[in-house]
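Now for the letters of each chain:
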There are 2 protein chains.
Amino acid sequence: MNEKVDTKARILDAAEKLFGERGFESTSLRDITAEAQVNLAAVNYHFQSKDSLIDAVVARRIEPINRLRLGMLDAAGPNPTLEQILRAFLLPVLELKRDAVMPLLGRTLSDPHQFVEKVYKKHLLAISERIHRELAKALPGLPVAELRWRLYFAAGVMTYILSWSKVLPDISGGLCDPSDRQALIDRVIDFLAAGFRAPVNEPAFERVLLEKEG
Amino acid sequence: MNEKVDTKARILDAAEKLFGERGFESTSLRDITAEAQVNLAAVNYHFQSKDSLIDAVVARRIEPINRLRLGMLDAAGPNPTLEQILRAFLLPVLELKRDAVMPLLGRTLSDPHQFVEKVYKKHLLAISERIHRELAKALPGLPVAELRWRLYFAAGVMTYILSWSKVLPDISGGLCDPSDRQALIDRVIDFLAAGFRAPVNEPAFERVLLEKEG
DNA sequence: GTCTATAGGTTGATAGAC
DNA sequence: GTCTATCAACCTATAGAC
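The shown structure was predicted, so the numbers you read here are calculated from the model rather than taken from an experiment.

Here we look at the side chain of B:Ser165
Residues and elements named next belong to chain B.
No. 1: Among the structural elements, Ser165 can be located in the loop between helix H8 (144-164) and helix H9 (168-171).
No. 2: Ser165 gets classed as buried once you look at its relative accessible area, which sits at 12%.
No. 3: At a separation of 3.4 Å, a polar atom in the side chain of Ser165 contacts the main-chain carbonyl oxygen of Leu162.
No. 4: Apart from residues lying up to four places away in sequence, Ser165 is in contact with Met102, Pro103 and Pro178.

Now the structure itself:
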């Protein structure tokens, strides 16, 4: 509890911005305190270490997204359609208001280093299982391995949009503008829904069955 | 020209491995020379700087992939099918033999920092334009902005597979095994081809037309 | 809670002997 | 071409005054 414009929040905001722009390793605590206009030692006072700061920055954004996702799934009733599930998965991420959040999440979901333990198992495993279960109900004919693969493909599309949202208009010659969030969400859902509904190819399907039998 | 097992190549191999495992920033030149069992100063002798080393490591893998892609497109004749185009795009990347290359390319294609200039415009712009042109021929009814978006979605799926290939069996409980390359390639192509062929949603389509008119 | 000062370690790069 | 030795710059983290 402090009179000044909360130092702790200023650090989180600055760290979020710079982590997203330059990556976690390339951003020093000095970069962050300079951006936030606070003293260097304030980081280690409010957070214990750079690693804990990264945890706090990531958790602050991922947890509300997951609550929104669960809320949308619950609101869709016991048997949501494929489109409803995909919307619950994507909309809370692709509708984010603050410009700094999408690059941050892009970095977070792209870095395989220790994020399997620190991000996936901590923040994404539960929601991933829930979405997998809903998808299995909505697509009863799809083999479970195929479903799992396609969910990863969908996560890949989402992550790529997050990572490149800032530069996409530039490298597409203005053709792709992610700022119209609703249009983008509709586009992605149409694309992914068609992919999820694609017929399962015979050779690949047979190979899965053979693998199961040994 | 040297008698010993080429120091320069040893550095490239070690750098490729460690860059892929830990990322470019997290890997020091000392890490690389220790892994390669060469002297620290050898890096600055054979390559001028860490940045140039990164360039060399990336270029060594991307350029042959692009040549393979162009060869497959040329071999498919003047009007390749959607599946042929996707196969030319994906197979040279997903069929890579050396384990270290996929994580390296995953890092390379995920890091937005300065890679728009150093990787995209240098190594990916030309092949991206060629694939875009072939896709436009194969899908004549699709608006150009929609096509561009869907090509980015496809790149996102490919990049995600590269980034997570090492941990995918672990976090999927063994359901997803990227080691069967041919099955994976078939899976991805089926998924993406269906996405590319998805009907264009009216609202999104109209919005694009309205934007063009101002 | 906020600051200065600094410890203690790592980094990329190079000079110069062999 | 390969090595040792070293520099100057940077890093995270902390101790201690206010």
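Here we look at the interface of chain A and chain B
No. 1: The interface of chain A with chain B comprises 57 residues on the first partner and 56 residues on the second.
No. 2: Of the roughly 5,300 Å² buried where chain A meets chain B, counting both sides, 68% is carbon and sulfur surface.
No. 3: Of all residues in chain A, the largest losses of buried area upon contact with chain B belong to A:Trp149, A:Arg187 and A:Phe191, amounting jointly to 16% of the total for that side.
No. 4: For the interface between chain A and chain B, the tally reads four salt bridges.
No. 5: With a closest N to O distance of 2.6 Å, A:Glu146 and B:Arg187 form a salt bridge.
No. 6: Taken together, the links from chain A to chain B amount to eight residue pairs in polar contact (both at pLDDT 80 or more).
No. 7: Of all the secondary structure elements, the ones that give two or more residues to the side of chain A that touches chain B are helix H1 (7-22), helix H6 (101-110), helix H7 (115-138), helix H8 (144-164), helix H9 (168-171), helix H10 (181-196) and helix H11 (202-213) of chain A.
No. 8: A total of 16 residues in the side of chain A that touches chain B trace back to one element, the largest contributor, which is H8(A).
No. 9: Its residues assigned to classes, the side of chain A that touches chain B comprises 30 nonpolar, 10 polar and 17 charged.

Re the relation of the copies chain A and chain B
No. 1: In screw terms, the move from chain A to chain B is a rotation of 180° and a rise of 0.0 Å along the axis, fitting with an RMSD of 0.0 Å. The transformation relating the two chain copies, once decomposed into turn and shift, fits a two-fold axis.

Structural notes on helix H2 (residues 29-36) of chain A
Residues and elements named next belong to chain A.
No. 1: For H2, the full list of buried residues reads Leu29, Ile32, Thr33 and Ala36. Seen from one end, H2 has its buried residues packed into an arc of 95°, which puts them on one side. The outward face of H2, more than 90 degrees from its buried face, is lined by the exposed residues Arg30 and Ala34.
No. 2: Buried residues belonging to H2 abut H1, helix H3 (40-46) and helix H4 (50-75).
No. 3: Downstream of H2 by one or two residues, Gln37 has phi in the positive range, about 55°.

Concerning the pattern of salt bridges
No. 1: For the structure on display, the rule yields 40 salt bridges over all chains.
No. 2: Residue A:Asp186 pairs with A:Arg87 through a salt bridge whose shortest N-O separation is 3.1 Å. With a gap of 99 residues between them, A:Asp186 in helix H10 and A:Arg87 in helix H5 (residues 82-94) connect regions that are remote in the sequence.
No. 3: Its relative accessible area of 16% is what places A:Asp186 among the buried residues.
No. 4: Of the residues examined, A:Arg87 reaches a relative accessible area of 28% and is grouped as partly exposed.
No. 5: Put simply, B:Arg98 and B:Glu16 hold a salt bridge, and the shortest N to O gap is 3.6 Å. Of the two residues, B:Arg98 sits in the loop between helix H5 (82-94) and helix H6 (101-110) while B:Glu16 sits in helix H1 (residues 7-22), which places them 82 residues apart along the sequence.
No. 6: The network of salt bridges with shared partners includes A:Asp13, A:Glu16, A:Arg60, A:Arg61 and A:Arg98.

The rules behind the values
- Residues numbered from 1 in each chain as written.
- Chains lettered and ligands numbered in written order.
- Predicted model: local features only at pLDDT ≥ 70, side-chain atom pairs only at ≥ 80, totals over all residues.
- Heavy atoms only, no water.
- Helix = DSSP H or I, 4+ residues; strand = E, 2+ residues; numbered from the N terminus.
- Buried < 20%, exposed > 50% of the residue type's maximum accessible area, 1.4 Å probe, protein only.
- Polar contact = N/O pair within 3.5 Å; in protein donor to acceptor, adjacent residues only side chain to side chain.
- Contact = heavy atoms within 4.5 Å.
- Buried area = accessible area lost by both parts, 1.4 Å probe.
- Salt bridge = Lys/Arg side-chain N within 4 Å of Asp/Glu carboxyl O.
- Nonpolar A, V, L, I, M, F, W, Y, C, P; charged D, E, K, R; others polar.
- Least-squares fit on C-alpha atoms with pLDDT ≥ 70 in both.
- Arc of directions from axis to C-beta.

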